Amino acid sequence: MRQIAPEPPAIVRNDVAAIQELYQKHVVPTYARFDVVVSHGAGSYVHDVKGKRYLDLGGGIAVCCLGHASPEITEALVEQSRKIVHISNLYYTEPQGRLAKAIVTALAPGKVFFCNSGAEADEGLFKLTRKFGHDEGRFEIITTVNSFHGRTLAGISATGQEKVKKGFEPMVQGFRHVPYNDLDAMREAISPATAAILIEGIQGEGGVTPATAEYLLGLRKLCDEKKLLLLIDAVQCGHFRTGRFQSFQRILENVSGADGFLPDGIAMAKSLGGGFPMGAFWVREPYQDLLGAGTHGTTFGGTPLACAVALKVIEVIHRDKLADNARTVGEFLKTELERLAVKYPNVIKTVRGMGLLIGFELASGIPAFNASERAPSLQFVNRLHEAGALAVPAGNHVLRLLPPLNLSRREAEEGVEIIASVVAKLAA
Ligand SMILES: Cc1ncc(COP(=O)(O)O)c(C=O)c1O
């Protein structure tokens, strides 16, 4: 008998080995993935295909700021997709205009360019710098050691870590690196070709190191003196994660002489879309029209769908006072981790960061770690997985916590308990 409905195609149903095999056979192996096959998430938790639940303290690397499966993000996606998903930047759409206004209002007069990722946001700032310095023959951007600015060719050239460049030389011309939080080194590195300085407000991938207030203020002064753009890569540390919209605002709170501090350009991505991929850069007056018609573009930048979601994310963050939550829950997490560091100095060396961007550095030579295996941070993460939590390594010795901004106090307490259980076993 002829089938009325054709047989559904064979699909993989929550079969760990089969899913991993699909990756091994068909996915370019640029990531050394953890042995967790995720099925779905809800709020601050994710579930693997075997049914195990994890508290997600990694938040998709600072992306899932409203947690997983946020009904409000879903609603915004559905509502906007019923109207229009994409039309291109040949036309005006209301969500893009409104989102640009929201970002400008949160910062200062200027304009916003929308793109799709952090690397692309940084790339926009690189091109802005080239335009800015072009007529004077200036093109160089000084960045910092241990920085991270994305995986494009210019991004790895800008990044101050050798490991991302290896095998891809020659690098794009015009990037130099000096130690972070070292104003003298920055001053000495400036050449007649220098056009901009680019730093992260808090170095994320490089190990969760915040800029000092003196550094930020000193860089602003230096840039004014030498007519350089001061650019901040806020892809990871921005979007209310530290308790303020931007980490530099948090770092400069109550610091005398910091009133009116502003960089000239800011790269954003990650939490901007709460999981919907998008990036953006803001550029301050009077540089906001340097990139004129035809000088830069991207097909998917600022689609009505992406912008509708990002507007909803900002609305929920304000309505639910999630910046304040990031501040208080982050403070709790950090204090508890510091307590653990005091109790177990042979396991946790230091705790750094602010708000819900926290790093803890592992002590060297933890005997329980297998020296011939993967880096200590990866071995720690594997143990956390066993204990029921996700976190993200930053380099070989630092663990990063970048959970949803709506992580509750109770969930944070659970996170501390899970981390403490791993730490106690390592100390035993
Ligand atoms: C500070 C910083 N800049 C840029 C990037 C690159 O962002 P994306 O992976 O979205 O290209 C990242 C990603 O981790 C980042 O942390």
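Relevant structure appears above.
(A) Here's a closer look at the overall build of the protein. A tally of regular secondary structure across the protein gives 13 helices and 17 strands. By the compact-globule yardstick of 22 Å for 428 residues, the protein fits well, its C-alpha radius of gyration being 22 Å. Taken along the three principal axes of its C-alpha coordinates, the protein extends 70 × 65 × 45 Å. Contacts in the protein between residues far apart in sequence, at least 24 positions, make up 69% of those at least 6 positions apart. In the structure as shown, the protein presents an accessible area of about 20400 Å², 54% of it carried by carbon and sulfur atoms.

(B) Representation of the side chain of Ser147. Counting through the fold element by element, Ser147 comes out in the loop between strand S5 (140-144) and helix H6 (153-158). Within polar-contact distance, the side chain of Ser147 engages the backbone nitrogen of Gly160 at 2.9 Å. Setting aside residues up to four positions removed in sequence, Ser147 forms contacts with Ala158, Thr159, Gly160, Gln161, Glu200 and Gln203.

(C) Layout of the sheet that holds strand S17 (residues 398-401). Judged by pairing direction, the sheet is antiparallel, and its 4 strands sit side by side in the order S13-S14-S17-S16 without closing on themselves. Either end of the sheet is taken by a strand with one partner, and the two such strands are strand S13 (348-354) and strand S16 (392-394). Between one strand and the next, the sheet's axes are offset by a mean angle of 30 degrees, whatever the strand orientation. Most of the contacts of helix H11 (residues 322-343) go to S13, to which it runs at about 165 degrees, and overall it touches S13, strand S14 (357-362) and S17.

(D) Up close: the pattern of salt bridges. All told, the structure shown has 21 salt bridges when counted by the stated rule. Between Arg220 and Asp264 there is a salt bridge, and its shortest N-O distance comes to 3.1 Å. Highlighted residues: Arg220 in helix H8 (residues 213-226) and Asp264 in the loop between helix H9 (247-251) and strand S11 (265-268), separated in sequence by 44 residues. You can call Arg220 buried: its relative accessible area is 11%.

(E) The arrangement of the pairing of S14 in detail. Of all 6 residues making up S14, 6 are buried, and the element is well covered by its neighbours. Burial of the side chains of S14 extends over both faces: Leu357, Gly359 and Glu361 are buried on one face and Ile358, Phe360 and Leu362 on the other. Hairpin connection between S13 and S14: a loop of 2 residues separates the two successive antiparallel strands, and Gly355 in this loop has a positive phi of roughly 60 degrees. Of the strand pairs in this sheet, S14 and S17 are connected by 4 bridges, and their pairing is antiparallel. In the strand pairing of S17, Gly359 is matched with Arg400.

(F) Molecular detail of the packing of aromatic side chains. Under the criterion given, the structure shown has 7 aromatic pairs. Where Phe113 meets Phe281, the ring centres are 5.4 Å apart and the plane angle is 25 degrees; that geometry is what we call stacked. With Phe113 in strand S4 (residues 110-115) and Phe281 in strand S12 (residues 279-284), this residue pair connects regions lying 168 residues apart in the sequence. Neither residue differs from the other here; Phe113 and Phe281 are each classed as buried. The interplanar angle of 75 degrees and the centroid separation of 5.6 Å between the aromatic rings of Phe360 and Phe380 together place this pair among those described as edge-to-face. Taken together, the residues Phe360 in strand S14 and Phe380 in helix H12 (residues 376-387) connect sequence positions 20 residues apart. The class for Phe360 is buried, based on a relative accessible area of 0%. Lying across the ring of Tyr45, Arg53 places its NZ or CZ 3.7 Å from the centre. Above the plane of the ring of Phe332 lies Arg409, whose end atom (NZ or CZ) is 4.0 Å from the centre.

(G) View of helix H4 (residues 94-106). Over its 13 residues, H4 extends 18 Å from the first C-alpha to the last, a length consistent with the 18 Å expected when each residue adds 1.5 Å. Listing the buried residues of H4 in full gives Pro95, Leu99, Ala100 and Ile103. Mapping the buried residues of H4 onto a view down its axis gives an arc of 130 degrees, with all of them on the same face. Residues Glu94, Lys101 and Thr105 are exposed on H4 and point more than 90 degrees away from its buried face. On its buried side, H4 packs onto helix H3 (71-83), S4, S11, S12 and helix H10 (304-319).

(H) Summary view of the site of the ligand. As a matter of local geometry, the ligand sits amid 13 residues, with Gly118, Ala119, Asp233, Gln236 and Lys270 nearest to it. Within the backbone of Ala119, a nitrogen or oxygen atom sits 2.8 Å from an oxygen atom of the ligand. Here Lys270 contributes a side-chain N or O atom positioned 3.3 Å from an oxygen atom of the ligand. The fraction of the free accessible surface of the ligand (390 Å²) that becomes covered by protein chains is 82%.

(I) Structural detail: a nonpolar patch on the surface. A cluster of nonpolar side chains, contributed by Ile84, Ile87, Leu90 and Tyr91, occupies part of the molecular surface with about 400 Å² of accessible area. You can see Ile87 is positioned in the loop between H3 and H4. For Ile87, a relative accessible area of 34% puts it in the partly exposed group.

Rules of the game
Residues numbered from 1 in each chain as written. Predicted model: local features only at pLDDT ≥ 70, side-chain atom pairs only at ≥ 80, totals over all residues. Heavy atoms only, no water. Helix = DSSP H or I, 4+ residues; strand = E, 2+ residues; numbered from the N terminus. Rg over C-alpha atoms; globule rule 2.2 N^0.38 Å. Contact = heavy atoms within 4.5 Å. Areas by Shrake-Rupley, 256 points an atom, 1.4 Å probe, with all protein chains shown as cover. Polar contact = N/O pair within 3.5 Å; in protein donor to acceptor, adjacent residues only side chain to side chain. Pairing = 2+ DSSP bridges. Axes fitted to C-alpha atoms, helices over the stretch in contact; angles between N-to-C directions. Salt bridge = Lys/Arg side-chain N within 4 Å of Asp/Glu carboxyl O. Buried < 20%, exposed > 50% of the residue type's maximum accessible area, 1.4 Å probe, protein only. Phe/Tyr/Trp six-rings, centres within 6.5 Å; stacked < 30°, edge-to-face > 60°. Lys NZ or Arg CZ within 6 Å of the ring centre and 35° of its normal. Expected span 1.5 Å × (residues − 1). Arc of directions from axis to C-beta. Near = heavy atom within 4 Å. Patch = residues over 30% accessible without salt bridge, like charges linked within 9 Å, V, L, I, M, F, W, Y side chains within 5 Å.

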